[in-house]
Amino acid sequence: MEKQERDKMLKNAMDTYGHYLTRLAYALVKDKQKAEDIVQEVFIRYYLHLDQFEGRSSIKTYLYRITVNECRNYFKSWAYRKIEVSKLASTFLIDKESPEEAYLNLENKSYIAAILNRLPIKYKEVIWLYYYAELSVKKLAIY
């Protein structure tokens, strides 16, 4: 495959799916900068392995799968575990809020969002792909 054709396919994929992939990554990692980094890695992997794409699924599904895998890799990484440990340590150092503040903060949060955030990533991923990416149940079964 020629470089110009590969570049054109990459640009098309970035224009078409970049926003959706960023939203997916953000929904999973809850960090805008990291989500953008993950999507950048997704497009690099896509570009490098364009010749290996067999076409058994749509490009959208293929890119979503790469994005989910990159998010999983991020959660396994030392950088993520280091950040989580430092967040946990900082919670012990911060003054505790009063019961009134705790109640008001709880009321301000969306009930559904709080429940979804507690789900394991494999369940959040399915919910996100079905409701936000609008993948059919049949396509989700492939995952």
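These lines cover the structure that appears in this document, whether it is placed above or below. Keep in mind that this is a model prediction, so the values were computed, not measured.

Criteria and cut-off values
- Residues numbered from 1 in each chain as written.
- Predicted model: local features only at pLDDT ≥ 70, side-chain atom pairs only at ≥ 80, totals over all residues.
- Heavy atoms only, no water.
- Helix = DSSP H or I, 4+ residues; strand = E, 2+ residues; numbered from the N terminus.
- Buried < 20%, exposed > 50% of the residue type's maximum accessible area, 1.4 Å probe, protein only.
- Expected span 1.5 Å × (residues − 1).
- Bend = angle between axes of the 7 residues up to and from the residue.
- Patch = residues over 30% accessible without salt bridge, like charges linked within 9 Å, V, L, I, M, F, W, Y side chains within 5 Å.
- Areas by Shrake-Rupley, 256 points an atom, 1.4 Å probe, with all protein chains shown as cover.
- Salt bridge = Lys/Arg side-chain N within 4 Å of Asp/Glu carboxyl O.
- Arc of directions from axis to C-beta.

## Details of unusual backbone geometry
And then number 1: Even without being glycine, lysine 30 reaches a positive phi, approximately 60 degrees.
And then number 2: Mapping lysine 30 onto the fold places it in the loop between helix H1 (3-29) and helix H2 (32-48).
And then number 3: With relative accessibility at 42%, the residue lysine 30 sits in the partly exposed group.

## A short note on H1
And then number 1: Over its 27 residues, H1 runs only 33 Å from end to end, short of the ideal 39 Å by more than 12%, given 1.5 Å per residue.
And then number 2: In the structure, H1 departs most strongly from a straight axis at tyrosine 17, where the bend amounts to approximately 55 degrees.
And then number 3: Within H1 the residues assigned to the buried category are Arg6, Leu10, Ala13, Tyr17, Gly18, Leu21, Leu24, Ala25, Ala27, Leu28 and Val29.
And then number 4: One or two residues past the end of H1 sits lysine 30, with phi positive at roughly 60 degrees.

## What to know about a nonpolar patch on the surface
And then number 1: A surface patch of nonpolar side chains, about 470 Å² in accessible area, is lined by Tyr130, Tyr131, Tyr132 and Val137.
And then number 2: Position of tyrosine 130 relative to the elements: it lies in helix H7 (residues 121-131).
And then number 3: Relative accessible area serves as the criterion here: at 38%, tyrosine 130 is assigned to the partly exposed category.

## Focus: H7
And then number 1: Turning to H7, its buried residues number three or more, namely Lys124, Glu125, Trp128 and Leu129. Viewed along the axis of H7, the buried residues span an arc of 125 degrees, placing them on a single side of the element.

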